[in-house]
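Reading the structure
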Amino acid sequence: MRKKSKLYREIIDAAKIADESIVFFWERVLDIEEKMQELLRRNDKKAFKNAEKERETLINRIDWEDSQLRALEKKLKELE
């Protein structure tokens, strides 16, 4: 029982980290979108494309983190 309890605690801690990571990446996406608006105003197409790629990379990272979080939640349900 003790081993299961320790595993449960580790999964909870990992889920918290993943959740905080998702929030952090979404904040970065919002910052990049603001930057993209400014680049559109300045008509800087090259910098805009780079920002767009960076935004896409972050969204892919968010998707990956979200899938990891779901896997952790599934493991928690299995432990209950």
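Going by the structure above, here's the rest.
Residues numbered from 1 in each chain as written. Predicted model: local features only at pLDDT ≥ 70, side-chain atom pairs only at ≥ 80, totals over all residues. Heavy atoms only, no water.

**A look at the overall build of the chain**
Counting secondary structure elements, the chain contains two helices and zero strands. In terms of C-alpha radius of gyration, the chain reaches 18 Å, well past the compact-globule figure of 12 Å for 80 residues. By its C-alpha atoms, the chain is 60 × 15 × 15 Å across when sized along the principal axes. Counting across all 80 residues of the chain, residues that qualify as buried make up 25%. Approximately 6,600 Å² of the chain is accessible, and the part contributed by carbon and sulfur atoms is 52%. If you average the places of the 20 positive and of the 19 negative side-chain charges in the chain, the two averages end up 4 Å apart. (Helix = DSSP H or I, 4+ residues; strand = E, 2+ residues; numbered from the N terminus. Rg over C-alpha atoms; globule rule 2.2 N^0.38 Å. Buried < 20%, exposed > 50% of the residue type's maximum accessible area, 1.4 Å probe, protein only. Areas by Shrake-Rupley, 256 points an atom, 1.4 Å probe, with all protein chains shown as cover. Lys, Arg positive; Asp, Glu negative; His and termini not counted. Charge placed at Lys NZ, Arg CZ, Asp CG, Glu CD.)

**Thoughts on the pattern of salt bridges**
A complete count under the given rule lists seven salt bridges for this structure. The shortest N-O distance in the salt bridge between Arg61 and Glu65 comes to 2.9 Å. Of the two residues, Arg61 and Glu65 both sit in helix α2 (residues 45-79), four residues apart, roughly one turn of that helix. Assessed through its relative accessible area of 38%, Arg61 is described here as partly exposed. Classification of Glu65 as buried rests on a relative accessible area of 8%. Taken together, the shared-partner salt bridges connect Glu38, Arg41 and Arg42 into one network. (Salt bridge = Lys/Arg side-chain N within 4 Å of Asp/Glu carboxyl O.)

**Quick word on the packing of aromatic side chains**
Going through the model one piece at a time under the given rule, you end up with one aromatic pair. With centroids separated by 5.5 Å and ring planes inclined at 65 degrees, the aromatic side chains of Phe24 and Phe25 adopt a geometry described as edge-to-face. By relative accessible area, Phe24 is classed as partly exposed at 43%. Judged by its relative accessible area of 11%, Phe25 falls in the buried class. (Phe/Tyr/Trp six-rings, centres within 6.5 Å; stacked < 30°, edge-to-face > 60°.)

**Some words on the side chain of Glu65**
Of the polar contacts made by the side chain of Glu65, one reaches the side chain of Ser21; its length is 3.4 Å. Discounting residues that sit within four places of it in the chain, Glu65 has contacts with Ala18, Ser21, Ile22 and Phe25. (Polar contact = N/O pair within 3.5 Å; in protein donor to acceptor, adjacent residues only side chain to side chain. Contact = heavy atoms within 4.5 Å.)

**Remarks on the nonpolar core**
Ile11, Ile32, Met36, Ala51, Leu58, Ile62 and Leu69 are the most contacted members of the largest nonpolar core, which totals 18 residues. Of all the secondary structure elements, the ones that give two or more residues to this core are α1 (2-42) and α2. Sort the elements by how many residues they give to this core and α1 lands first, with 10 residues. Look past the residues within four positions of Met36 in its chain and what remains in contact with it is Phe48, Ala51, Glu52 and Arg55. (Core = buried A, V, L, I, M, F, W, Y, C linked by side-chain atoms within 4.5 Å.)

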